[in-house]
Structures are given as structure tokens and as C-alpha cells.
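One letter stands for each residue in the lines below.
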Amino acid sequence: QVQLVESGGGLVQAGGSLRLSCAASGRTFSSYDMKWFRQAPGKEREFVAAISGGGGSTRYVDSVKGRFTISRDNAKNTVNLQMNSLKPEDTAVYYCAAGTTYYITSIQDVYYWGIGTLVTVSS
């Protein structure tokens, strides 16, 4: 069992930055590939970024490449999402998720979800 708690969301102006963090419980954190998804109002939940268990491999949705960076610290059971050059279209609830295969972007490869943190980017 893994429990995930996100933090770091908030209101930021376009062009600004935010750093989301996800704290995980459990001793098996490093065995999970970790992911971030987001869901904007009225839209389906979409994949944002993922990182392999050891941290050596990452994947991003095209719309955030070059702006967002995912990282993890297995000693602290945390995964982070550094978001730079934010745009109004990045506004969404961001969810931390634990899965088994970092390059699978479908929600079907998510075994645990966090409760989400709201990011609002004003124009």
C-alpha cells in the first residue's frame, strides 16, 4: 500500500514557476515508477510526466517538454515536478501517481493516486 500526498500548488502569473512535491508512504517507493497527471475543468485527466524507479528515465507530454522537470529522491520518498514558464493552459489539478512502467501514459498503469493539488496560472 502506498499513500501519496501532493503539495506546492497555488496561483501564479503566466511565465512564472511552481514546484510540486509528492510525499509517499511505504517502504517500496523505489519499486514504483512515478507519474504526474493533470485534469483541467471539463477535461479528461491527462499524463504530464513520469520517472522510472531509479530515476534514470523520464517521459513528458509534448506540451510541457523543455518547461517541466520531474525528479525523485528515493531516500526521502518524494517525487517533484518543477514547472517553469507556466501558461494559462497549464491550469489544472495535478495528481501524483504510482505505477509500474514509466513510459505507459495511460491511467490504466496507475495503482495509487494522490488527492491532487490545484495549480492556477493567470494571464
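Conventions and cut-offs
- Residues numbered from 1 in each chain as written.
- Predicted model: local features only at pLDDT ≥ 70, side-chain atom pairs only at ≥ 80, totals over all residues.
- Heavy atoms only, no water.
- Phe/Tyr/Trp six-rings, centres within 6.5 Å; stacked < 30°, edge-to-face > 60°.
- Lys NZ or Arg CZ within 6 Å of the ring centre and 35° of its normal.
- Disulfide = S-S within 2.5 Å.
- Helix = DSSP H or I, 4+ residues; strand = E, 2+ residues; numbered from the N terminus.
- Buried < 20%, exposed > 50% of the residue type's maximum accessible area, 1.4 Å probe, protein only.
- Contact = heavy atoms within 4.5 Å.
- Salt bridge = Lys/Arg side-chain N within 4 Å of Asp/Glu carboxyl O.

A word on the packing of aromatic side chains
Aromatic rings considered in pairs are described by the distance between their centres and by the relative angle of their planes.
Argument step 1. In total, this model carries five aromatic pairs according to the counting rule given.
Argument step 2. Consider the rings of Y102 and Y103, whose centres lie 5.4 Å apart with planes at 85°: the pair is edge-to-face.
Argument step 3. Through a chain of ring-to-ring contacts, the aromatic side chains of F37, F47, Y95 and W113 assemble into a single cluster.
Argument step 4. Its guanidinium or amino end placed over the ring of Y95, R45 lies 3.6 Å from that ring's centre, counting from NZ or CZ.
Argument step 5. The cationic tip of R72 hangs over the ring face of F29; the distance from NZ or CZ to the ring centre is 4.5 Å.

Quick word on the state of the cysteines
Argument step 1. Here the structure, examined in full by the defined rule, presents one disulfide.
Argument step 2. Across a sulfur-sulfur distance of 2.1 Å, C22 and C96 are joined as a disulfide pair. Between C22 and C96, the disulfide has an S-S torsion of -80° and is therefore left-handed. Taken together, the residues C22 in strand β3 (residues 18-24) and C96 in strand β9 (residues 92-99) connect sequence positions 74 residues apart.
Argument step 3. We classify C22 as buried; its relative accessible area is 1%.
Argument step 4. By relative accessible area, C96 is classed as buried at 0%.

Structural notes on the side chain of T117
Argument step 1. Along the polypeptide, T117 turns up in strand β11 (residues 117-122).
Argument step 2. For T117, a relative accessible area of 11% puts it in the buried group.
Argument step 3. The contacts of T117, once residues within four sequence positions are left out, are E6, S7, G8, G9, L20, A92, V93 and Y94.

Some words on the pattern of salt bridges
Argument step 1. The final tally for this structure, using the stated rule, is five salt bridges.
Argument step 2. Note that E46 and R38 form a salt bridge whose closest N and O atoms lie 2.6 Å from each other.
Argument step 3. Notably, a salt bridge pairs R67 with D90, separated by 2.8 Å at the nearest N-O pair. Linking R67 in the loop between β6 (58-60) and β7 (68-73) with D90 in the loop between β8 (78-83) and β9, this pair joins segments that are 23 residues apart in sequence.
Argument step 4. D90 gets classed as buried once you look at its relative accessible area, which sits at 1%.
Argument step 5. Several salt bridges share partner residues, and in doing so they unite R38, E46, R67 and D90 into one network.

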